[in-house]
Amino acid sequence: MAVLNETLSTDASQIASAIPEMGEIITIVLILVGAYLIVKIADFLLRRISESAGRYRITVTMVIPLLKIIVYVSAVYFIILTIFDPGLPELALFSGLFGAAIGFGLKDIFADIIGGIVIAFERPYQIGDKIEVSGTYGEVTDIGLRATRVVTPDDSVVSIPNYAIFQEATASQNAGKTEMMVTIDIFIDPRSDADLAMDILKDALITSKYVYISSTRPYTVLMQDFPFYRRIRARGYVNDLRSEFEFRSEVTRRAWGELIRQGISPPPPGHVVPNKMEE
Amino acid sequence: MGSEPDFAADLSHPILHEDEWNRITAVVDAFENERPAHIAVIADPFAGQDVLMKGLLRRYSDRVIHLPFFSVVKGRDFLTQITGHKDIVVMDHCHFLATRKIGGFAMVDAFLDHLSTSERLFITQWNSFTWSYLKATRHIETFFPVVIVIPEIDSKTLKKLMLSRYTDEIEFVAGEPSGNDLLSTDSARIVKLPFCEKQYSISLPHLFGGNGESGKRTGVHPEDAEDIAFDKIIRIADGNYGVAERIWDGSLDGNTLRVAEIPELPCAISLDINESFLLTIILSMESVSIVDLAEIAGPEINLKQTLFRLTHQGLVFEKKGYFGIKPEALGCVKGYLKRIRMVW
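None of the values given here were measured: they were computed from a predicted structure.

About the thresholds
Residues numbered from 1 in each chain as written. Chains lettered and ligands numbered in written order. Predicted model: local features only at pLDDT ≥ 70, side-chain atom pairs only at ≥ 80, totals over all residues. Heavy atoms only, no water. Salt bridge = Lys/Arg side-chain N within 4 Å of Asp/Glu carboxyl O. Buried < 20%, exposed > 50% of the residue type's maximum accessible area, 1.4 Å probe, protein only. Helix = DSSP H or I, 4+ residues; strand = E, 2+ residues; numbered from the N terminus. Core = buried A, V, L, I, M, F, W, Y, C linked by side-chain atoms within 4.5 Å. Contact = heavy atoms within 4.5 Å. Pairing = 2+ DSSP bridges. Axes fitted to C-alpha atoms, helices over the stretch in contact; angles between N-to-C directions. Left-handed = near helix turned anticlockwise from the far one by under 90°. Nonpolar A, V, L, I, M, F, W, Y, C, P; charged D, E, K, R; others polar. Buried area = accessible area lost by both parts, 1.4 Å probe. Polar contact = N/O pair within 3.5 Å; in protein donor to acceptor, adjacent residues only side chain to side chain. UniProt positions renumbered as here; feature names shortened; annotations may be inferred. Patch = residues over 30% accessible without salt bridge, like charges linked within 9 Å, V, L, I, M, F, W, Y side chains within 5 Å. Areas by Shrake-Rupley, 256 points an atom, 1.4 Å probe, with all protein chains shown as cover. Arc of directions from axis to C-beta. Phe/Tyr/Trp six-rings, centres within 6.5 Å; stacked < 30°, edge-to-face > 60°. Lys NZ or Arg CZ within 6 Å of the ring centre and 35° of its normal.

It is worth spelling out the pattern of salt bridges at this point. All told, the structure shown has 32 salt bridges over all chains when counted by the stated rule. Its salt-bridge partner being Arg149(A), residue Asp142(A) comes within 3.4 Å of it at the nearest N-O pair. Residue classification places Asp142(A) among the buried positions, given a relative accessible area of 12%. Assessed through its relative accessible area of 32%, Arg149(A) is described here as partly exposed. Residue Glu245(B) is joined to Arg165(B) by a salt bridge in which the shortest nitrogen-to-oxygen separation is 2.4 Å. One end of the pair, Glu245(B), is in helix α9 (residues 241–251); the other, Arg165(B), is in the loop between α7 (155–163) and β6 (171–173), and 80 residues separate them in sequence. Here Arg165(B) falls in the partly exposed class, since its relative accessible area comes to 35%. Each member of the salt-bridge network shares a partner with another, and the members are Asp43(A), Arg47(A), Lys68(A), Asp142(A) and Arg149(A).

This part covers the nonpolar core. Residues and elements named next belong to chain B. Grouped together as the largest cluster of nonpolar side chains are 116 residues, with contacts concentrated most on Phe 78, Met 91, Leu 97, Phe 111 and Trp 126. Those residues in contact with Trp 126 that lie beyond four places of it in its chain are Ala 40, Val 41, Ile 42, Ala 43, Cys 94, His 95, Val 108, Phe 111, Trp 131, Leu 134, Ile 140 and Phe 144. Counting residues in each nonpolar core, the second largest holds 21 residues, with Val 41, Met 53, Ile 88 and Ile 123 among its members.

So, on to the pairing of strand β8 (residues 220–225) of chain A. The side chains of a regular strand alternate, first on one face of the sheet and then on the other. Residue and element names in this part refer to chain A. In the sheet, β8 pairs with strand β9 (residues 230–238) via 6 bridges, with the strands oriented antiparallel. Bridge pairing in β9 places Gln 224 opposite Arg 231. Hairpin connection of β8 to β9: 4 residues between the antiparallel strands.

Before going further, it helps to spend a moment on the packing of helix α2 (residues 18–30) of chain B against helix α3 (residues 49–59) of chain B. Residues and elements named next belong to chain B. In contact at an axis separation of 11 Å, α2 and α3 are set at 35° when each is read in the N-to-C sense. As α2 packs across α3, the resulting crossing turns out to be right-handed. Judged by residue contacts, Glu 20, Trp 21, Ile 24, Thr 25 and Asp 29 of α2 engage Leu 52, Gly 55, Leu 56 and Arg 59 from α3. When its residues are assigned to classes, the contact of α2 with α3 shows 4 nonpolar, 2 polar and 3 charged.

Our next topic: unusual backbone geometry. All names here are of chain B. The phi dihedral of Asp 238 is positive, around 60°, even though this residue is not glycine. If you trace the backbone, Asp 238 turns up in the loop between α8 (222–236) and α9. Although it is not a glycine, Glu 286 adopts a positive phi angle of roughly 70°. Along the chain, the position of Glu 286 falls in the loop between α10 (273–285) and β11 (288–289).

Another aspect to go through is the interface of chain B and chain A. At the junction of the two partners, chain B supplies 23 residues and chain A supplies 29 residues. Between chain B and chain A lies a buried interface of about 2100 Å² when both sides are counted; carbon and sulfur atoms form 56% of it. The tally of links between chain B and chain A comes to 3 salt bridges. A salt bridge links Arg253(A) to Glu300(B); the nearest nitrogen and oxygen atoms lie 3.1 Å apart. The tally of links between chain B and chain A comes to 10 residue pairs in polar contact (both at pLDDT 80 or more). Taken together, the elements giving at least two residues each to the side of chain B that touches chain A come down to α6 (128–138) and α10 of chain B. Taken together, the residues of the side of chain B that touches chain A break down into 12 nonpolar, 4 polar and 7 charged.

Within this structure's numbering, the places UniProt gives as "domain: Mechanosensitive ion channel MscS" (unreviewed entry) are residues 108–169 of chain A. Note that residues 108–169 of chain A is 31% helix and 35% strand, and that its end C-alpha atoms are spaced 19 Å apart.

Let's shift gears to the sheet that holds β6(B). All names here are of chain B. Taken in spatial order, the 3 strands of this open sheet run β6-β10-β9, and their pairing is mixed. Of all the strands in the sheet, the pair left with one neighbour each is β6 and β9 (252–253). Pairing geometry for β9 and strand β10 (residues 256–258), over 2 bridges, is antiparallel. Across the sheet, Leu 252 pairs through a bridge with Leu 257, a residue of β10.

As a further point, take a nonpolar patch on the surface. Residue and element names in this part refer to chain A. Residues Met 22, Ile 25, Ile 26, Val 29, Leu 30, Val 33, Tyr 36, Leu 37, Ile 41, Phe 44, Leu 45 and Ile 49 make up a contiguous nonpolar surface patch of about 1200 Å² in total accessible area. Here Ile 25 shows up in helix α2 (residues 22–51). Classification of Ile 25 by relative accessible area gives partly exposed; the value is 37%.

The next subject is helix α11 (residues 290–297) of chain B. Residue and element names in this part refer to chain B. Taken together, the buried positions of α11 are occupied by Asp 292, Leu 293, Ile 296 and Ala 297. The buried residues of α11 occupy an angular sector of 130° when projected down its axis, which confines them to one face. At the C-terminal side of α11, Gly 298 shows a positive phi close to 70°.

Residue and element names in this part refer to chain B. Judged by pairing direction, the sheet is parallel, and its 5 strands sit side by side in the order β2-β3-β4-β1-β5 without closing on themselves. In this open sheet, the two edge strands, each paired with only one partner strand, are β2 (64–68) and β5 (146–149). Between one strand axis and the next, the sheet turns through 15° on average, direction left out of account. One ladder, built from 4 bridges, connects strand β1 (residues 39–43) with β5; its direction is parallel. Residue pairing across strands places Ile 39 opposite Val 146, the latter belonging to β5. Sheet strands in contact with α2 are β1, β3 (88–92), β4 (121–127) and β5, and its direction is about 160° off that of β5.

Here we take up the packing of aromatic side chains. In the structure shown here, the tally under the stated rule is 16 aromatic pairs over all chains. Ring centres 5.5 Å apart and planes at 90° place the aromatic pair Tyr212(A) and Trp344(B) in the edge-to-face group. With Tyr212(A) in strand β7 (residues 211–212) and Trp344(B) in the segment after α13 (330–339), the pair connects residues from two separate chains. Between the aromatic rings of Phe226(A) and Tyr229(A), the centroid separation amounts to 5.0 Å while the plane-to-plane angle is 25°, which identifies the pairing as stacked. The exposure class of Phe226(A) is buried, given its relative accessible area of 17%. Residue classification places Tyr229(A) among the buried positions, given a relative accessible area of 8%. Over the aromatic face of Tyr212(A) sits the side chain of Arg341(B), whose NZ or CZ is 4.2 Å from the ring centroid.

Below, the structure is given as structure tokens:
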């Protein structure tokens, strides 16, 4: 009986020591606020620096999620140190509570956090990339501990849980580079001069104010024949992926202006032109 | 055949671009009418390429057909001028053969067609930014087996060039004029920022010293003041001969040059896409008329407003309807446009 009482009193004292006092609560709050402020300030500064870094823009933003993880993991570590003496019984107790919390419904959040760590270190995509995941296409504006925020072309902000990295195929259009390949299609009447149309589209592409061309970033112009129309497809790199749609619009507008001037017309009405790119 | 004068006799600047001159003349002297090794001389604006081209005209005057372009070429008439028995064609400012618009490559294509079948030796001079653009878009380098890039000059070369102009001695003063030298800035710390190719100089004030009228009184030997002055000019000019010459001329007060009074040019450009594009065109063409700019810009760009903003920011100047990059803004403009990859 005496042994039982002694065991109970030891457990009670351990639990009591695990309950933070007022001073410890203030310390914890300060650690959390400090971590939050560090992350926010670093995030702000790195984004500012990235804007002046030109082609290294995305390389700089790559540091942001990594930094968040380091700061928040450090904050959690210091909180644990504040609450417990880092002895084995306390760690066991904490692990038990943590495991129970995960089992009782935090497992998704935990999976998201692990996903965030994987994203930060493996870098399947980075802040500033254009990605397609879970049917959502857009620019990554933030990689948080729990979710990745993506801004779609129509300016909607979509939060994709980081856990999706384990389940979904993720396509990055630029893979960390500032430039990105853009495909531009125009469809012309099959009776029109396709060679001339190709020349015009090529000129419109390479003279665009958004284009970037180098030996590793070439452009191509291709033609494909369909029953009721011909498709002229140009592929080239936009110098900053944020200008993807402006690039496409500018090239198309200028090309059509010249095509019409040269007597090249769109396909006859009544024939359906695909609005989605084949292949 | 051309006469055999020495290097100094051919060129107005006996020191500038000697290696490049030797390379060109070696190619020309080895030229026989079969398989000419056409030459492309590539240079930034104001880099001193005219010295080479004039030297060639002088040295091979009896062999040369000279075709200088002064504005955008709009007809193929220039090709009809390449006639007669002369075996070398020297073409200045070939960047005017291409225009960055739909159908804007017709003249350069016609020229390259002509060059491909000609037995003459073509010596052509191109703006480096147009050359890079045509290299990426038209593979123009494949037509020119000899490509000579005009390099940046160093401060020693600049010193020789500038001092060779004067018979009287130039006095170099390290500090501020008298009365101003409590915080004189006769030394500077060179700082290189991340992601930025340009170096910045932070002047370090010193609180001692006399009236600073000479190098000795500021603790700097006059010969050191001379070197400091040329180092500073060449750094600000980014090694560009023409820009350095302009800074020199602007800083020289009679026979005195004060290091502290060589103006540091602040570089803080922030432009929208249309402004950047027009600036790219002006940089690539060196001097372009408002009519040609309007054709390139198209209806999407409000030309007058954009040019006003570029002029107002001190990046371009206008002279008789033609726009060019301000020499003192060249380094800044180059750095900015390269950073945003409007030029490459």
